[in-house]
Number of protein chains: 2
Amino acid sequence: MTLDEVRAQIDQNDSELLKVLRRRLDLVKQVGQIKSKEGTPVYVPERELSLIAKRRSQAEELGLNPDLAEDVLRRVMRESYGAENDVGFKCVNPDVRKIVIIGGRGGIGRIFTRLFMASGYSVEVMGHRDWDRSAEIFAGAGLVIVCVPIDVTEEVMRKLKGLLSDDCVLADFTSVKTLPMNIMHEVHQGPVLGLHPMFGPDISNMAKQLIIAVEGRSPEKSAWVIDQMTLWGALVRKYTASEHDEAMSYIQALRHFTTFCYGVFMARENPDLNTLMALSSPIYHMELMMVGRLFAQDPVLYADIILSNRRNIEIIERYSREIQNSIELLKKGDREEFIRQFSMTKDFFGPLAESFMEESRRLIAKMHDAKVS
Amino acid sequence: MTLDEVRAQIDQNDSELLKVLRRRLDLVKQVGQIKSKEGTPVYVPERELSLIAKRRSQAEELGLNPDLAEDVLRRVMRESYGAENDVGFKCVNPDVRKIVIIGGRGGIGRIFTRLFMASGYSVEVMGHRDWDRSAEIFAGAGLVIVCVPIDVTEEVMRKLKGLLSDDCVLADFTSVKTLPMNIMHEVHQGPVLGLHPMFGPDISNMAKQLIIAVEGRSPEKSAWVIDQMTLWGALVRKYTASEHDEAMSYIQALRHFTTFCYGVFMARENPDLNTLMALSSPIYHMELMMVGRLFAQDPVLYADIILSNRRNIEIIERYSREIQNSIELLKKGDREEFIRQFSMTKDFFGPLAESFMEESRRLIAKMHDAKVS
């Protein structure tokens, strides 16, 4: 056969591949219908694991790379979880007449509005122009979620004083928890639940998405909210406000700060970005991507996160002292100490270092797949 | 149908999916055979683009997400490029009797040894114990590649003085170029070619992998090396030694330094890693991954890269002053200046910021696919 003839057969085979994918998503829709009736969560870990295991062993038999089978299947499952969404979810608390989402027109707000509606709740979205109608809006609400930018959270929460009935659950999505939890307990006499959805507005579906829950007053009365989110496929993990905020000082404040500084520094040095990109290894491309992406986002959000508490600045100052130490190290050309600190840090990461290495390999390969010369 | 019945059909469909993948790789093997005869490169950008375009439009017709089709196809193409490798490559310079790879037993060395052999060259791998046989080893060599750790590169190169015939191409894989290029011109009277493969030892194949080439003495005599690597699918880009080294100060030295400092700092702060991981958003998981992975690797390599020239330390010192400025900014709570610098940096990244954002979305989704609760 000529090259063109073989390529024609490959195209035909690829076309068959898409038809098989189409069939899968049609079958998945039926799964969604059954689950929404039965009230089964979208994400069932055991099912996912057994699916993967079956295909990996079949791949071995076919002389295929099992990682190929797993990668393809996982990508298809992402789409499948989305398809299960279409048919809606069981409503775990039909007694709730109304849910109000303050700031529900934002990216995250829209996701939850859609999912609560798809679960049979009546949802009212409240924007900053609607406060003159607040009495009417909050009347009969069984759940009110504050989902506004961190810099106006306190102000908005204080406006709620006296507007909610004592059986209404007051919740928030703020990325810090201690202060908002305190304010919510002040302004509301009923159940309080702090939530922090750990994902961006661009997720395709809720399967395996992490939501941190901080329980406030009478958790038994807000438990249904967590149950509902679990049905959507979310992983809801409970922590205290201080556990959450301490972790966030590292997870958000310090990391955003270092990324910010790195980006600003590059801008000042002003090397030719095209040359940098052309000379980049995949891993550096990824590093630069992680920095550059920050600056496609809202500066105010990052300023507020970093400035949200005193502890963040203290951590950042300790970090800058570490940088000074390392520079002294290098100026002395002290390889031994560099290597000693390297091994100390290797011990800190423990087995994670290796699994991070492996995980980054897979991501770099995926990034490379999309590379265009 | 019951949930179990639908799931059985899904399993059957997934099994069909793997058979279609198996057929594709069989067809691809034939492509490899034809290409190795004709001497066509493994990676043909136009072919890849047209493949993707066809499947995306078919997906639209089928009511499938075109991104699903593209993601699956790209993953399958990665495997396909590997399968094309199996049958070997055309030899672009049959006159070369022998290729010697000094340090060819290392990860990168092994990849090139395999590919040169698969292209019909006789390859001799030289380890550090083989120098007593050096005269015999280098006799009649048409290409000698120095592929040893950066800290012994100079020493090894100097040993070559007088051992190579003037028609032999002397090349290296060092991750800095200025100094090695100078030494190679000193120790050898024939053609000199500096190379820097911008990938790790774990690539599945050479398709679209970047190799930086720095041309030295009589480039016309080393052009065949670049042609051969292009046949393997590599993207070979030519730069001067100084262009390369200046970019590497940012790409390698500065970035490795900041990653090193961040890791060491975390180790000193010693927060509970399990809690951090449990509370991580996908994007932070990725950030922590990028840091942790460094410490699964060889500290000496990173020390040597950072210490490889004076400019690196100067850049790092300027960077640390930037950090001091940013800390002052935050202590003053100067939101306006934070936002001003943020926008300045956004301008520096220009359209890249958005495309980095988009790219990171895809990688985060991919990472999330593999998440196990």
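From a predicted model like this one, the values you see are computed outputs, not experimental measurements.

(A) Looking closely at the interface of chain B and chain A. Contact with chain B, which involves 164 residues of that partner, is made by 164 residues of chain A. Roughly 16800 Å² of surface becomes buried between chain B and chain A when both sides are summed, with 69% attributable to carbon and sulfur atoms. Where chain B packs against chain A, one counts 58 residue pairs in polar contact (both at pLDDT 80 or more). If one sorts the elements of the side of chain B that touches chain A by residue count, helix H1 (residues 3-38) of chain B sits on top with 26 residues. Grouping the amino acids of the side of chain B that touches chain A by side-chain chemistry returns 91 nonpolar, 29 polar and 44 charged.

(B) Seen up close, the environment of isoleucine 306 of chain B. Among the structural elements, isoleucine 306 of chain B can be located in helix H12 (residues 299-307). Classification of isoleucine 306 of chain B as buried rests on a relative accessible area of 0%. Residues isoleucine 306 of chain B and phenylalanine 257 of chain B, 49 residues apart in the sequence, show an inter-C-alpha distance of 7.2 Å. If we skip the residues at most four places from it in the chain, isoleucine 306 of chain B touches Leu330 and Phe338 of chain A together with Ala253, His256, Phe257, Asn312, Ile313 and Ile316 of chain B.

(C) Inspection of the relation of the copies chain B and chain A at higher detail. Between chain B and chain A, the superposition needs a rotation of 180° and an axial shift of 0.0 Å, giving an RMSD of 0.0 Å. Taken together, the turn and the small shift mark the pair as related by a two-fold rotation axis. By C-alpha distance to the rotation axis, the residue of chain B lying nearest is valine 72 of chain B, at 2.9 Å. Looking at chain B, 100% of its interface residues are interface residues in chain A too, so the copies touch through the same face.

(D) Seen up close, the sheet that holds strand E5 (residues 192-197) of chain B. Residues and elements named next belong to chain B. Ordered in space as E2-E1-E3-E4-E5-E6-E7, the seven strands form an open sheet in which the pairing is mixed. Of all strands in the sheet, those bounded by a partner on one side alone are strand E2 (123-126) and strand E7 (235-238). Pairs of neighbouring strands in the sheet enclose a mean axial angle of 25°, with direction left out of account. Direction of pairing for E5 relative to strand E6 (residues 210-215): antiparallel, over a ladder of five bridges. When the bridges of E6 are listed, proline 197 appears paired with isoleucine 211. Seen against the sheet, helix H7 (residues 178-187) touches strand E4 (169-172), E5 and E6 and runs at an angle of roughly 150° to E5.

(E) Inspection of the packing of helix H14 (residues 335-349) of chain A against helix H9 (residues 241-269) of chain B at higher detail. Direction vectors running N to C along H14 of chain A and H9 of chain B enclose 60°, while the axes themselves pass 9 Å from each other. With respect to H9 of chain B, the element H14 of chain A is oriented oblique. Note on packing geometry: the crossing formed by H14 of chain A with H9 of chain B is left-handed. From H14 of chain A, Phe338, Gln341, Phe342, Met344, Thr345, Phe348 and Phe349 of chain A reach across to H9 of chain B, where they touch Phe260, Gly263, Val264, Met266, Ala267 and Arg268 of chain B. Counted by class, the contact of H14 of chain A with H9 of chain B contains nine nonpolar, three polar and one charged residues.

(F) Fine view of the sheet that holds strand E3 (residues 141-146) of chain A. Residues and elements named next belong to chain A. Read across the open sheet, the seven strands follow the order E2-E1-E3-E4-E5-E6-E7; overall the sheet is mixed. In the strand order of this sheet, the two ends are held by strand E2 (123-126) and strand E7 (235-238), each with one partner. Between one strand axis and the next, the sheet turns by 25° as a mean value, whatever way the strands run.

(G) Structural view of the side chain of arginine 22 of chain A. You can see arginine 22 of chain A is positioned in helix H1 (residues 3-38). Residue class for arginine 22 of chain A comes out buried when judged on its relative accessible area of 16%. For arginine 22 of chain A, the contacting residues outside a window of four places in its chain are Lys29 of chain A together with Leu62, Gly63 and Leu64 of chain B.

(H) Layout of the pairing of E2 of chain B. Residues and elements named next belong to chain B. Here four bridges tie strand E1 (residues 98-102) to E2, and the two strands are oriented parallel to one another. Residue isoleucine 102 lies in a different strand from E2, and its bridge partner there is methionine 126. Taken together, E1, helix H4 (residues 107-118) and E2 form a β-α-β motif whose crossover is right-handed.

(I) Seen up close, the nonpolar core. Counting residues in each nonpolar core, the largest one holds 107 residues, and the members touching the most others are Met286 of chain A together with Met286 of chain B. The residues touching methionine 286 of chain B, leaving out its near neighbours within four places in the chain, are Met286, Met289, Met290 and Leu363 of chain A together with Leu363, Ile364 and Met367 of chain B.

(J) Representation of the packing of aromatic side chains in the model. For the structure on display, the rule yields 38 aromatic pairs over all chains. Three or more aromatic residues joined by ring pairs form one cluster here, namely Phe260, Phe295 and Tyr302 of chain A together with Phe338, Phe342, Phe348, Phe349 and Phe356 of chain B. Between arginine 255 of chain A and the ring centre of tyrosine 262 of chain B, over which it is positioned, the NZ or CZ distance is 4.3 Å.

(K) Looking closely at the packing of helix H13 (residues 310-331) of chain A against helix H13 (residues 310-331) of chain B. As a packed pair, H13 of chain A and H13 of chain B sit with axes 10 Å apart at the nearest point and diverge in direction by 165°. The orientation of H13 of chain A relative to H13 of chain B falls into the category roughly antiparallel. In this structure, the crossing between H13 of chain A and H13 of chain B has a hand that is left-handed. Facing Ile313, Ile316, Glu317, Tyr319, Ser320, Ile323, Gln324, Ile327, Leu330 and Lys331 of chain A of H13 of chain A, the residues of H13 of chain B in contact are Ile313, Ile316, Glu317, Tyr319, Ser320, Ile323, Gln324, Ile327, Leu330 and Lys331 of chain B. Counted by class, the contact of H13 of chain A with H13 of chain B contains 12 nonpolar, four polar and four charged residues.

Criteria and cut-off values
- Residues numbered from 1 in each chain as written.
- Chains lettered and ligands numbered in written order.
- Predicted model: local features only at pLDDT ≥ 70, side-chain atom pairs only at ≥ 80, totals over all residues.
- Heavy atoms only, no water.
- Contact = heavy atoms within 4.5 Å.
- Buried area = accessible area lost by both parts, 1.4 Å probe.
- Polar contact = N/O pair within 3.5 Å; in protein donor to acceptor, adjacent residues only side chain to side chain.
- Helix = DSSP H or I, 4+ residues; strand = E, 2+ residues; numbered from the N terminus.
- Nonpolar A, V, L, I, M, F, W, Y, C, P; charged D, E, K, R; others polar.
- Buried < 20%, exposed > 50% of the residue type's maximum accessible area, 1.4 Å probe, protein only.
- Least-squares fit on C-alpha atoms with pLDDT ≥ 70 in both.
- Pairing = 2+ DSSP bridges.
- Axes fitted to C-alpha atoms, helices over the stretch in contact; angles between N-to-C directions.
- Parallel < 35°, antiparallel > 145°, perpendicular 65-115°, else oblique.
- Left-handed = near helix turned anticlockwise from the far one by under 90°.
- Right-handed = clockwise from strand over helix to strand, strands pointing away.
- Core = buried A, V, L, I, M, F, W, Y, C linked by side-chain atoms within 4.5 Å.
- Phe/Tyr/Trp six-rings, centres within 6.5 Å; stacked < 30°, edge-to-face > 60°.
- Lys NZ or Arg CZ within 6 Å of the ring centre and 35° of its normal.

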